[in-house]
Amino acid sequence: MVGFLNKINGDKAIWAVVALLSIFSFLPVYSASSNLVYVVGTGTAMGYLVKHAILILMGFGIIYGVHRIPPHFFKGLSIIAMPIVVVLLLYTMAQGTVIDGANASRWILIPIVGITFQTSSLASVVLMIYVARYLTKIKDRTITFKESILPLWLPVFLVVMLILPANFSTAAIIFSMVLLLCFLGGYPFKYLVGMVVVGLLGLTLFILTAKAVPDLFPNRVDTWISRIENFTDPADTEADYQIERAKIAIATGGIMGNGAGKSVMKNFLPQSSSDFIYAIIVEEYGLVGGFVVMFFYMLLLFRIVVVSNSASTVFGKLLVLGVGLPIVFQALINMAVAVELFPVTGQTLPLISSGGTSSWMTCLAIGIILSVSNKRTPKEPEEIDENNPLDVLSGQL
């Protein structure tokens, strides 16, 4: 054990935050799983807890393995991974999965092991690494918009448009994070404004197309519109069932909460172990517990900024921000949805909600951040191992 701990490098505060959030997740996940057991009628509470434990352990395995990789390797890996991600997204969309009449082509089934894989989660991480690589490449150069269309915006819009039909919130988050990273990376602001306009025009065209040809994207646009209408409408309707139960759970929790495992709303709130787990946390641990969870995400954000600021290369700085900011942003959106500060989006609470591939991709991003925080001395071009193709590719890029 001592030898293993000695091999753990990187920012110790990030390790601690991730470990504490992951350990704490067992309590609300175990409690909220009763919804699946007694209401949905599938599995056992202990079975869901064991599954969650296995996923967490595999996630830490991903963090440990990735944090041992030198940061400059991710430049070459992003070039290799981008075509693979596009193919996976095309395959996912082509499945045409429909749930309750709506397009839900978000997952692919991994053969043999029987685990579903959400390709958009992998696409988000890979795309942010790719954008960080490009911004590093043009640093201190005068770049024209025309020059950046093919190498930067074509991959971005391709990934976003492949995710959009089945998962608007994820597509919007990815596009927003790309714009933020480009702004932080010094990409001309006037071009970013132009891309926002292009993005809005593209979204409008997609909505009009979906309305004109309903069979092309079954009911998905109607779902987005209804969620926004329900959010802006002060009157309570049947469509507000989830958010109303979430608010009841939060109000019931009060200051100190009802105690671990004593949530009542978990039996009435759909997705209580994933999308609305924050409401269950507040119900059981009160506003104190809710603020403590929020504090740890803010601490994670602070350490991400610290690691980025102390990185020895421009790529390292942008890489940390690119893969780290979406984690905190997603957590804030999840918590905002629970208290009705944001429309229902279906985003999970990173490191706490039950789930598989989404938590693994969060762990992948954490591992990358820890890799940059390892304080390794970057290899100079003459030190690159010519027998390692990834090393050569990374050095050239």
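Further up the page is the structure itself.
All figures in this text were calculated on a predicted structure; none of them were measured in a lab.

1. Topic: the overall build of the protein
Okay, step 1: On a plain count of helices and strands, the protein comes out with 15 helices and four strands.
Okay, step 2: Per-residue burial for the protein yields a buried fraction of 49% across its 397 residues.
Okay, step 3: The contacts of the protein with a sequence gap of at least 6 include a subset with a gap of at least 24, amounting to 72%.

2. A word on the packing of helix α7 (residues 145-163) against helix α8 (residues 168-184)
Okay, step 1: α8 packs onto α7 with a crossing angle of 160 degrees between their chain directions and a minimal axis gap of 8 Å. When the interaxial angle is binned, α7 and α8 end up roughly antiparallel. In terms of crossing hand, the pair formed by α7 and α8 is right-handed. Along the contact surface, α7 presents L152, W153, V156, F157, V160 and I163, while α8 presents T170, A171, I174, F175, V178, L179 and C182.
Okay, step 2: When the residues that make up the contact of α7 with α8 are grouped by side-chain class, the tally is 12 nonpolar, one polar and no charged.

3. Some remarks on the packing of aromatic side chains
By convention here, two paired aromatic rings are described through the distance between centres and the angle between planes.
Okay, step 1: Summed over all chains, the structure comprises eight aromatic pairs.
Okay, step 2: Seen from their ring centres, W153 and Y187 are 5.7 Å apart, and the 75 degrees between their planes marks the pair as edge-to-face. Here Y187 lies in the loop between α8 and α9 (189-212) and W153 lies in helix α7, a separation of 34 residues in the sequence. Exposure class is identical for W153 and Y187. Each is buried.
Okay, step 3: Measuring from ring centre to ring centre gives 5.6 Å for F295 and F296, while their planes differ by 65 degrees; the resulting arrangement is edge-to-face.
Okay, step 4: Three or more aromatic residues link up through ring pairs in this structure, and these residues are F145, W153, F157, F175, Y187 and Y191.
Okay, step 5: Positioned over the ring face of F315 is K75, at 5.2 Å from the centre of the ring.
Okay, step 6: We note R133 situated over the ring of Y130; from NZ or CZ to the ring centre the distance is 5.1 Å.

4. Overview of the pattern of salt bridges
Okay, step 1: One pass over the full model with this rule turns up four salt bridges.
Okay, step 2: A salt bridge links D11 to R303; the nearest nitrogen and oxygen atoms lie 2.5 Å apart. Placement of D11 in the loop between α1 (2-6) and α2 (12-32) and of R303 in helix α12 (residues 277-310) is noted, with a sequence separation of 292 residues between them.
Okay, step 3: A relative accessible area of 10% places D11 in the buried class.

5. Notes on α8
Okay, step 1: Over its 17 residues, α8 runs 24 Å from end to end, which matches the ideal 24 Å to within 8%, given 1.5 Å per residue.
Okay, step 2: Of the positions making up α8, those classed as buried are S169, T170, A171, I173, I174, F175, M177, V178, L179, L181 and C182.
Okay, step 3: Next to the buried residues of α8 lie α6 (119-137), α7, α9 and α13 (314-338).
Okay, step 4: In the segment just after α8, G186 is the residue with positive phi, at about 85 degrees.

6. Notes on the environment of S25
Okay, step 1: With respect to the helices, strands and loops of the structure, S25 is situated in helix α2.
Okay, step 2: Overall, the relative accessible area of 0% leaves S25 in the buried class.
Okay, step 3: Once the C-alpha coordinates of S25 and S353 are considered, the two residues, 328 residues apart in sequence, prove to be 7.0 Å apart.
Okay, step 4: Look past the residues within four positions of S25 in its chain and what remains in contact with it is H52, I56, L351 and I352.

7. Observations concerning the packing of α13 against helix α14 (residues 357-372)
Okay, step 1: Contact geometry for α13 and α14: axes closest at 9 Å, N-to-C directions at 150 degrees. One way to sum up the angle between α13 and α14 is to call them roughly antiparallel. The two elements α13 and α14 meet at a crossing, and its hand is left-handed. Mapping the contact onto sequence places G316, L319, V320, V323, G324 and I327 in α13 and T362, A365, I366, I368, I369 and V372 in α14.
Okay, step 2: Residue composition of the contact of α13 with α14, grouped by class: nine nonpolar, three polar and no charged.

8. Considering helix α11 (residues 241-253)
Helical geometry note: an α-helix holds 3.6 residues per turn, so side chains three or four residues apart project in the same direction.
Okay, step 1: Taking 1.5 Å of rise per residue, the 13 residues of α11 would be expected to cover 18 Å, and the 19 Å separating its terminal C-alpha atoms lies within 8% of that figure.
Okay, step 2: All buried positions along α11 are accounted for by I243, E244, A246, A249, I250 and G253.
Okay, step 3: Where α11 is buried, its residues contact α12 and α13.

9. A closer look at unusual backbone geometry
Okay, step 1: Of note, D140 is a non-glycine position whose phi angle comes to about 65 degrees, a positive value.
Okay, step 2: Note that D140 resides in the loop between α6 and α7.
Okay, step 3: Looking at D140, the relative accessible area reads 76%, which means it is exposed.
Okay, step 4: Look at E340: it is not a glycine, yet its phi comes out positive at around 60 degrees.

What counts, and at which threshold
- Residues numbered from 1 in each chain as written.
- Predicted model: local features only at pLDDT ≥ 70, side-chain atom pairs only at ≥ 80, totals over all residues.
- Heavy atoms only, no water.
- Helix = DSSP H or I, 4+ residues; strand = E, 2+ residues; numbered from the N terminus.
- Buried < 20%, exposed > 50% of the residue type's maximum accessible area, 1.4 Å probe, protein only.
- Contact = heavy atoms within 4.5 Å.
- Axes fitted to C-alpha atoms, helices over the stretch in contact; angles between N-to-C directions.
- Parallel < 35°, antiparallel > 145°, perpendicular 65-115°, else oblique.
- Left-handed = near helix turned anticlockwise from the far one by under 90°.
- Nonpolar A, V, L, I, M, F, W, Y, C, P; charged D, E, K, R; others polar.
- Phe/Tyr/Trp six-rings, centres within 6.5 Å; stacked < 30°, edge-to-face > 60°.
- Lys NZ or Arg CZ within 6 Å of the ring centre and 35° of its normal.
- Salt bridge = Lys/Arg side-chain N within 4 Å of Asp/Glu carboxyl O.
- Expected span 1.5 Å × (residues − 1).

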